[in-house]
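Each chain, letter by letter, is given below.
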Amino acid sequence: MESIYLDHAATTPVHPKVIEAMLPVTQEVYGNPSSVHQFGRKARRILDQARRTAAKSIGANEKEIVFTSGGTEADNLAIIGTAMANKEKGKHIITTNVEHHATLHAAEYLESTGFEVTYLPVDETGSVRVQDVKEALREDTILVSIMMVNNETGIMQPIEEVADLLKDHQAAFHSDIVQAYGLIEIDVQELAVDLLAVSGHKINGPKGVGFLYVREGTTLASLQHGGEQERKRRAGTENVPAVKGMEEAIMIILENRDAYREKYRSFKEQFLNTLTEESVNYTVNGSEDKCMESIVNISFPGTNVETMLTNFDLSGVAASSGSACTAGSVEPSHVLSAMYGKGDARTVNSIRFSFGLANTEENVKEAARKVSQIVHRLSE
Ligand SMILES: Cc1ncc(COP(=O)(O)O)c(C=O)c1O
């Protein structure tokens, strides 16, 4: 039995072209990019080229790209780095209740050091209201951090409107675009953001690599102390093969983004249609018209996340819940709790299915049939 992977929002399979691009760099280009000799210069050229590609992918300047060890570090650098560099201007930060833990836990850390954080609510559709951002803004707000696409629900937030709102405010605007970047075209010449976090492994690139876009003029304190890499914004020798792999992954998405979007839209439709054909009782969490093509979060009344995930896995379907798994039991999802209220049944009976390169029309339909059988059995 071949297992079917429907968990691309957790991580994606590495594209064969990415492996092909990384292999010779891993084997041959072992110089330290900070070394002045030819071995170092060769590695430096690879980094420079990848930096240009990353910058071009969002309409940025290469000096505005900081390579990191992934999305988590990019979010931490954006949030803690901005807070530390701007604390003389104020100590107030705004974010939302539905951010990834890379943002939420960074914000909580800042609270423990004396910053004040406003966590904005979302409505039942999963969206933040721009009016709420406006009302939460204060003279001493130094940072607003709102993700572009939620990793559990796929819901897109009104980033453009928030960016416009902040144009005349001192606050820096950071957006975690980890889930968005692979499918949504982003141009920092048009979108008034100051910081953007990207992760390599969500776009069929390697794990442990990502980048932070830092608009020129944005002040940022470095979190790591060491060498002067990445224009003193991120100390530590760069992971050259991984950066090369991420560059290849970026080039692939730039060429295929629209086609992927269309493909995943159709996968999602087929998945939901099959559940309907099989008479499964389900509802989709969040507003469908604000949801990204690759993710669907579904509530199955009368069931429970833990039992479902175990049964799906046994039948060869890999999906996940956004909920954290602590000591063998699944905690209710913080995102669904923010949408529906703590204690709502949907916070413990919902599963995230996410589509990507490991899918075909056939395996999506087959997975939906298996899911239907299990849900019928469990909700009897
Ligand atoms: C929205 C979002 N932000 C940040 C991250 C963290 O990225 P990484 O795994 O590269 O640290 C993830 C990964 O799950 C994510 O989905």
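Above: the structure in question.
Just so it is clear, the model here is predicted, and its values are computed rather than measured.

Asks: Explanation requested: the overall build of the protein in the structure shown.
Replies: From N to C terminus, the protein includes eleven helices and 14 strands. For 380 residues, the compact-globule estimate of 2.2 N^0.38 gives 21 Å, and the protein sits close to it at 21 Å. By principal-axis analysis of the C-alpha atoms, the protein measures approximately 65 × 50 × 40 Å. Taking all 380 residues of the protein together, 56% fall into the buried category. Taking as baseline every contact in the protein between residues at least 6 positions apart, the subset at least 24 positions apart corresponds to 73%.

Asks: Is there a simple way to explain empty space enclosed by the protein in this structure?
Replies: Empty space among the atoms can be located by rolling a probe the size of a water molecule over them. All chains considered together, the criterion is met by two cavities of 30 Å³ or more. Considering only enclosed or pocket space, the largest cavity measures out at about 210 Å³ in volume. As for the largest cavity, its lining consists of 20 residues, of which Thr-12, Leu-183, Lys-202, Tyr-264 and Ser-294 are closest to the centre.

Asks: Sorry, what's going on with the site of the ligand here?
Replies: Of all residues adjacent to the ligand, which total 13 residues, the nearest are Thr-72, Asp-176, Gln-179, Ser-199 and Lys-202. Separating a nitrogen atom of the ligand from a side-chain N or O atom of Asp-176 is a distance of 2.6 Å. Within the contact set of the ligand, an oxygen atom lies 2.6 Å away from a side-chain nitrogen or oxygen of Lys-202. Out of a free accessible area of 390 Å², the ligand has 86% covered by protein chains. Of all the elements, helix α3 (residues 71-86) adds the most residues to the shell around the ligand, at three residues. Residue classes in the shell around the ligand are distributed as two nonpolar, eight polar and three charged.

Asks: So what exactly am I meant to see when it comes to the side chain of Thr-96 here?
Replies: Its location among the elements puts Thr-96 in strand β3 (residues 92-96). A polar contact is formed between the side chain of Thr-96 and the backbone nitrogen of Val-98, at a distance of 3.1 Å. Among the polar contacts made by the side chain of Thr-96, one reaches the side chain of Glu-99 at a distance of 2.8 Å. With sequence-adjacent residues up to four places away left out, Thr-96 is seen in contact with Leu-104, Tyr-119, Leu-120, Val-128, Ser-145 and Ile-146.

Asks: Which parts of the structure should I look at to understand the environment of Ser-35?
Replies: Relative to the elements of secondary structure, Ser-35 occurs in the loop between α1 (16-28) and α2 (38-57). Judged by its relative accessible area of 22%, Ser-35 is partly exposed. C-alpha separation for the pair Ser-35 and Thr-347, spaced 312 residues apart in sequence, amounts to 52 Å. Ignoring anything within four residues of it in the chain, the contact list for Ser-35 reads Gly-40 and Arg-41.

Asks: Sorry, what's going on with the nonpolar core here?
Replies: Considering soluble globular proteins, one finds that nonpolar side chains tend to be buried as a cluster. The biggest cluster of nonpolar side chains holds 88 residues, and the ones touching the most others in it are Ile-58, Val-144, Phe-211, Phe-271, Phe-300 and Phe-353. Inspection of this core shows a minimum of three residues originating in each of domain 1 (4-12 + 257-378) and domain 2 (16-255).

Asks: Would you mind going over the layout of surface pockets with me for this structure?
Replies: Considered as a void within the structure, the largest pocket measures approximately 270 Å³ in volume. Residue composition of the lining of the largest pocket, grouped by class: seven nonpolar, one polar and four charged.

Asks: Please explain the side chain of Asn-311 as it appears in this structure.
Replies: Topologically, Asn-311 is positioned in helix α9 (residues 305-314). For Asn-311, the side chain forms a polar contact with the main-chain oxygen of Thr-307, separated by 2.7 Å. Residues in contact with Asn-311, not counting those within four places in the same chain, are Ile-374, Arg-377 and Leu-378.

Asks: Explain the pairing of strand β2 (residues 65-68) here, please?
Replies: Burial of β2 is two-sided: the residues Ile-65 and Phe-67 facing one way and the residues Val-66 and Thr-68 facing the other way are all buried. Here β2 pairs with strand β8 (residues 210-214) via four bridges, running antiparallel. Its bridge partner being in β8, Phe-67 is matched across the sheet by Phe-211.

Asks: Before we go on, may I ask you to explain the pairing of strand β5 (residues 141-145) in this structure?
Replies: Each regular strand shows side chains that alternate between the opposite faces of the sheet. Burial runs high along β5: five of the five residues are buried. With three bridges connecting them, β3 and β5 associate as parallel partners. Opposite His-92, over in β5, you have Thr-141 as the bridge partner. Strand direction decides the pairing type here: β5 and strand β6 (residues 172-176), joined by three bridges, are parallel. For Val-144, the partnering residue across the bridge sits in β6 and is Phe-173. Traced from β5 through helix α6 (residues 159-166) to β6, the parallel crossover comes out right-handed.

The rules we used
Residues numbered from 1 in each chain as written. Predicted model: local features only at pLDDT ≥ 70, side-chain atom pairs only at ≥ 80, totals over all residues. Heavy atoms only, no water. Helix = DSSP H or I, 4+ residues; strand = E, 2+ residues; numbered from the N terminus. Rg over C-alpha atoms; globule rule 2.2 N^0.38 Å. Buried < 20%, exposed > 50% of the residue type's maximum accessible area, 1.4 Å probe, protein only. Contact = heavy atoms within 4.5 Å. 1 Å grid on protein atoms, 1.4 Å probe; cavity = no way out; pocket = protein on both sides within 12 Å on 5 of 7 lines; lining within 4 Å. Points joined across faces, edges and corners; volume = space filled by probe spheres on them. Near = heavy atom within 4 Å. Polar contact = N/O pair within 3.5 Å; in protein donor to acceptor, adjacent residues only side chain to side chain. Areas by Shrake-Rupley, 256 points an atom, 1.4 Å probe, with all protein chains shown as cover. Nonpolar A, V, L, I, M, F, W, Y, C, P; charged D, E, K, R; others polar. Core = buried A, V, L, I, M, F, W, Y, C linked by side-chain atoms within 4.5 Å. Domains from an automatic or database assignment. Pairing = 2+ DSSP bridges. Right-handed = clockwise from strand over helix to strand, strands pointing away.

Geometric values such as these leave the question of function open.
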